Amino acid sequence: MTSWVGIFDSGVGGLAVWQEFVRLAPEAPTLYVADQAHVPYGPRPPEEIRRFAEAITRFLLDQGARLIVVASHTISAAALWPLREAFPRVPFVGIEPAVKPAAAQTRTGVIGVLATSGTLNGPLMARVVERFAQQVQVIRRVCSGWVEQVEAGLLEGEEAEAQIRHHLDPVVRSGADVLVLACTHYTFLAPLIRRVAGPGISLVDPAPAVARRAAEIWRAQIQEGKEAAPKGARGGLHAFFTTGDPQRFQEQLRQLIGRDGPVERLRWDTEGALREATG
Ligand code: DGL
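About the criteria used
Residues numbered from 1 in each chain as written. Predicted model: local features only at pLDDT ≥ 70, side-chain atom pairs only at ≥ 80, totals over all residues. Heavy atoms only, no water. Phe/Tyr/Trp six-rings, centres within 6.5 Å; stacked < 30°, edge-to-face > 60°. Helix = DSSP H or I, 4+ residues; strand = E, 2+ residues; numbered from the N terminus. Buried < 20%, exposed > 50% of the residue type's maximum accessible area, 1.4 Å probe, protein only. Near = heavy atom within 4 Å. Polar contact = N/O pair within 3.5 Å; in protein donor to acceptor, adjacent residues only side chain to side chain. Areas by Shrake-Rupley, 256 points an atom, 1.4 Å probe, with all protein chains shown as cover. Nonpolar A, V, L, I, M, F, W, Y, C, P; charged D, E, K, R; others polar. Axes fitted to C-alpha atoms, helices over the stretch in contact; angles between N-to-C directions. Parallel < 35°, antiparallel > 145°, perpendicular 65-115°, else oblique. Left-handed = near helix turned anticlockwise from the far one by under 90°. Contact = heavy atoms within 4.5 Å. Pairing = 2+ DSSP bridges.

**Student:** Residue-level account of the packing of aromatic side chains, with values.
**Tutor:** The final tally for this structure, using the stated rule, is nine aromatic pairs. Arranged with centres 6.3 Å apart and planes meeting at 15°, the rings of Tyr32 and Phe249 form a pair that is stacked. A residue pair is termed long-range when its members are at least 10 positions apart, and Tyr32 in strand S2 (residues 30–34) and Phe249 in helix H11 (residues 246–257) qualify at 217 residues. In this structure Tyr32 comes out as buried when scored by relative accessible area, which is 0%. Relative to Phe92, the ring of Phe87 has its centre 6.3 Å away and its plane inclined at 50°; by these criteria the two rings are tilted. The class for Phe87 is buried, based on a relative accessible area of 10%.

This is how it looks when you write it as structure tokens:
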């Protein structure tokens, strides 16, 4: 049986992780789910995010995924532990805010963590700050609107820049010299954030480290012979699914990662399960 790697997020943010993963493990077949019917997840209650995450995981496992990458800080914060409990035999790779490398890098002793409210107010964030950032000042900034901005493809231009400045300026003014991108959507804003923040400020993006971890686990599965080598089903090595508009998602794939689908449409049924939409 082909060993697919399932990767998911509320929308396009996880594509930043997908892109890195595919660069590191080009032979790995992937399934990507974007729950664009419910994006943004950030302001939603953790129980709701958990329900969505479990249903998406179930769908990915049904499709043949043997490793699940939770390519979202918000979902990892709300659902990673419950997912591991609900599916004890499934390896999960999640993301925590990259506070540790940021705390090691700062010279001013101030770091900024840019994220959704779900991530910043969750227990995972509290834990990483307690473990890794006792000696530094951590400025937490809920960057409301940025996820929607990336979903809308507003990565450059005056309007995009104004929205970035709105959240970034206060963080920079408070003396932060290292900024943690603690939402996968923000990776696509990195060039603009870097320009607005100016020289002397560095960004930490955990997407490459998460992808590296996922690639290691996938390789180990293959080597242990638990999984047969992949041989591409669905007519290709990669498949993308959205609960939103497939045509729009196709455009986003092109804009953000220079890829063509195939994109399939999923729908939420009345029991809260994910199904392939027909027609
Ligand atoms: N990209 C996600 C994250 O890393 C989810 C953002 C959202 O839907 O609010 O947090």
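Anyway, onward from the coordinates.
**Student:** Hey, could you go over the site of the ligand for me, with residue numbers and the actual values?
**Tutor:** Among the 14 residues in the neighbourhood of the ligand, the closest are listed as Ser10, Tyr41, Gly42, Thr74 and His185. Tyr41 places a main-chain nitrogen or oxygen 2.7 Å from an oxygen atom of the ligand. Separating an oxygen atom of the ligand from a backbone N or O atom of Thr184 is a distance of 2.8 Å. Contact with the protein chains removes 100% of the 300 Å² of surface that the ligand exposes when unbound. Among the residues forming the shell around the ligand, the class breakdown is five nonpolar, eight polar and one charged.

**Student:** I'd like to hear about the packing of helix H1 (residues 15–24) against helix H10 (residues 207–223), residue by residue, with values.
**Tutor:** Following both chains from N to C, one finds H1 and H10 inclined at 50°, their axes separated by 8 Å at the closest point. As the angle between them shows, H1 and H10 are arranged oblique. Helix-helix and strand crossings are classified by hand; for H1 and H10 the assignment is right-handed. When H1 is examined against H10, the residues Ala16, Val17, Glu20, Phe21 and Leu24 are found in contact with a partner set consisting of Ala207, Pro208, Val210, Ala211, Arg212, Ala214, Ala215, Trp218 and Arg219.

**Student:** I'd like to hear about the pairing of strand S1 (residues 4–9), residue by residue, with values.
**Tutor:** Most of S1 is tucked away, with six of its six residues classed as buried. Side chains of S1 alternate between two faces, with Trp4, Gly6 and Phe8 and Val5, Ile7 and Asp9 buried alike. Both S1 and strand S3 (residues 65–70) contribute to a ladder of five bridges, which runs parallel. When the sheet's bridge partners are listed, Gly6 is paired in S3 with Ile68. As judged from the five bridges shared by S1 and S2, these two strands associate in the parallel manner. Bridging across to S2, Ile7 finds its partner in Tyr32.

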